[in-house]
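Listed below, chain by chain, are the residues.
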Amino acid sequence: MLLTITTTHRPATDLGYLLVKHLDRLQSFEVSGGTAHVFYPEATQERCTAALLLEADPAAARPAKGPDTFTLRQYVSDRPYAASSLLSAALGRVLRTALRGDSRDRPELAAGPIPLELRIPALRCKGDAETFFGPLGWTVEATPIPLDTAHPEWGASRYIDLTLRGTLRLADALNHVYVLLPVLDDAKHYWVSSDEVEKLLRAGTGWLAEHPAKAAIAHRYLAHRKALTNEALSRLSDDLDTDSVIATAPRPESLAALRRAAVVRQLTEAGAHRVLDLGCGPGALLGELIRDRRFTEIVGADVSTVSLDMAARRLRLDRLPDRQRERIRLLQTALTYRDDRLRGYDAAVLMEVIEHVDPPRLPALAASVFGHAAPATVVVTTPNVEYNVRYPGLDHGRMRHHDHRFEWDRAQFGAWCDEVAARYGYTVTRNGIGEEDPEAGTSTQMAVFRK
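Residues numbered from 1 in each chain as written. Predicted model: local features only at pLDDT ≥ 70, side-chain atom pairs only at ≥ 80, totals over all residues. Heavy atoms only, no water.

Trainee: Would you explain the overall build of the chain in this entry?
Mentor: Of regular secondary structure, the chain possesses 16 helices and 14 strands. Taking as baseline every contact in the chain between residues at least 6 positions apart, the subset at least 24 positions apart corresponds to 70%. (Helix = DSSP H or I, 4+ residues; strand = E, 2+ residues; numbered from the N terminus. Contact = heavy atoms within 4.5 Å.)

Structural data, given as structure tokens:
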């Protein structure tokens, strides 16, 4: 299996610094799929090519049992020769530093785009490579490989000679290939568990959440396991700036990340130690809270048991040390009903929750949270509908998520906040999260209620 990486950046030999592999050496590494070699077929100031060659272990390359298995398949397998998840795994092992975008010697070069050409001369491809690589900024050349050059009438095989050309950050390019190799092959050589969700999300940071084929990518990468696919897609939705809306370009830090940071900052300023995350979903905020030891007791509450299961897997509750595990609980409850288990906490968070509640049920939610649970501090965030006009592709009148029951402008949110604060004995301050537009305000509205 072979992958070549070529650049014409001047000096092109800087590629060695980015890959952290010496230009004058053949380096070999034992990996799970066999032996991987890294070398440079050409290295001049004008053009430099690095090659990753995997000599697959026939035992590791043996195909898993499947519907098309036959008795002699292990002896006629294409796995030692056609790029697959074996090459992807070798890439992750051998070029780990480059995948992270780290470079001690050329940090500025690693952080910026350079001209690149990546080639995989033999790749089993189910579907159209353009569908997966095209939206990421690549010019895709996928040449079908004949079934037999001596018999052109037999047509093309299921393999392609793939060349990708573009100007991208090297780390992004490598992560694209790391994820999409097993996606195009639509097979993996090892058992897929919940750990694969973490690998997918880590390698897909900054691009997968906005990819138009993200559902197909997650489905294939996670070996068609529905529960894992649903978890990955739910967590990707957490990282989108506008839920289901595709933004024009990825930002250095997503709105979702800014939102979580703003909420944690408010909890810290309030001196809260025992915190409720109400409507916690798959646990995006819970992950931030458990990393901060100032929060000594954390409760995630949601009406959906599926979401709570996702949160448990995301937090790896079954693997946490006992002292960490004792800090967090997950509760199934409906926020529109009073629940004594939610009383007595320092703070509660309703992060992107109220817009999922039918308006006639909002008074019941307010009575349950502000009246019955009555924490000293409540932090509420919700979309600002005025900002929707700044999102290309969001048609007039369309909400950011299919499950939103409403989206308020700043005046409507302010009126609701004032009414709730007056009714339940809180003061309230409001501000925004995200880049502020002089006319539309910020994408997210935040209110902090204090007893």
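Read on, since the account is not over.
Trainee: Mind showing me how you'd approach the pattern of salt bridges here?
Mentor: Proximity of charged atoms lets side chains of opposite charge pair with each other. Taken as a whole, this structure holds 28 salt bridges when the rule is applied. Close ionic contact of Arg10 with Glu46 constitutes a salt bridge, the shortest N to O distance being 3.7 Å. Note that Arg10 is positioned in the loop between strand E1 (2–7) and helix H1 (15–19) and Glu46 in the loop between strand E3 (34–43) and strand E4 (48–56), a separation of 36 residues in sequence. Residue Arg10 is classed as exposed on the basis of its relative accessible area of 56%. Glu297 is the partner of Arg274 in a salt bridge, and the nearest nitrogen-oxygen pair spans 2.8 Å. Highlighted residues: Arg274 in strand E8 (residues 274–278) and Glu297 in strand E9 (residues 297–302), separated in sequence by 23 residues. Classification of Arg274 by relative accessible area gives partly exposed; the value is 26%. Note on Glu297: relative accessible area 22%, which makes it partly exposed. One connected set of salt bridges, linked through shared partners, spans Glu198, Glu231, Arg235 and Arg313. (Salt bridge = Lys/Arg side-chain N within 4 Å of Asp/Glu carboxyl O. Buried < 20%, exposed > 50% of the residue type's maximum accessible area, 1.4 Å probe, protein only.)

Trainee: How should the sheet that holds E8 be read in this particular structure?
Mentor: Paired through backbone hydrogen bonds, the strands of a sheet run either parallel or antiparallel to each other. Strand order in the open sheet made by the seven strands is E10-E9-E8-E11-E12-E14-E13, with mixed pairing throughout. Only two strands of the sheet have a single partner each, and these edge strands are strand E10 (328–332) and strand E13 (427–433). Along the sheet, successive strands turn relative to each other by an average axial angle of 15 degrees, direction set aside. Examined bridge by bridge, strand E11 (residues 347–351) and strand E12 (residues 377–383) share five bridges and lie parallel to one another. The partner of Val349 across the bridge, within E12, is Val379. (Pairing = 2+ DSSP bridges. Axes fitted to C-alpha atoms, helices over the stretch in contact; angles between N-to-C directions.)

Trainee: Can you help me understand the sheet that holds E1 in this one?
Mentor: Strand order in the open sheet made by the seven strands is E2-E3-E4-E1-E5-E7-E6, with antiparallel pairing throughout. Two strands bound the open sheet, and with one partner strand each, they are strand E2 (27–31) and strand E6 (139–146). Across the sheet, the mean angle from the axis of one strand to that of its neighbour is 15 degrees, orientation sign disregarded. By the bridge criterion, four bridges tie E1 to strand E5 (residues 114–124) in an arrangement that is antiparallel. Looking at the pairing, Thr6 lines up with Glu117 of E5. Against the sheet, helix H7 (residues 170–185) contacts E1, E5 and strand E7 (156–168), and its axis sits at roughly 15 degrees relative to E5.

Trainee: Teacher, can you tell me more about the pairing of E11 here?
Mentor: The two faces of the sheet receive side chains in turn, since in a regular strand these alternate between them. Across the five residues that make up E11, a large majority, five, are buried. Here E11 shows no split at all, with Ala347, Val349 and Met351 on one side and Ala348 and Leu350 on the other all buried. Sheet analysis places E8 next to E11, joined by three bridges and oriented parallel. Across the sheet, Leu276 pairs through a bridge with Ala348, a residue of E11.

Trainee: Would you take a moment to explain the packing of helix H15 (residues 362–373) against helix H16 (residues 410–424) for this structure?
Mentor: Axis angle and axis distance: for two packed helices, these are the angle between their axes and the distance between the axes, and together they describe the pair. Taken N-terminus to C-terminus, the directions of H15 and H16 make an angle of 50 degrees; their axes are 11 Å apart at the nearest point. Taken as axis vectors, H15 and H16 run oblique relative to one another. Seen along the crossing, H15 lies across H16 with a hand that is right-handed. Mapping the contact onto sequence places Leu362, Pro363, Ala366, Ala367, Phe370 and Gly371 in H15 and Trp416, Val420 and Tyr424 in H16. (Parallel < 35°, antiparallel > 145°, perpendicular 65-115°, else oblique. Left-handed = near helix turned anticlockwise from the far one by under 90°.)

Trainee: Looking at this structure, how should I read H15?
Mentor: Every α-helix winds through 3.6 residues per turn, so residues three or four apart in the chain are directed the same way. Over its twelve residues, H15 runs 15 Å from end to end, which matches the ideal 16 Å to within 8%, given 1.5 Å per residue. Burial runs high along H15: nine of the twelve residues are buried. Restricting attention to buried positions, one finds in H15 the residues Leu362, Leu365, Ala366, Ala367, Ser368, Val369, Phe370, His372 and Ala373. Summarising the contacts, the buried residues of H15 are in contact with E8, E11, E12, H16 and strand E14 (444–450). Of the residues trailing H15, Ala374 is marked for its positive phi of about 50 degrees. (Expected span 1.5 Å × (residues − 1).)

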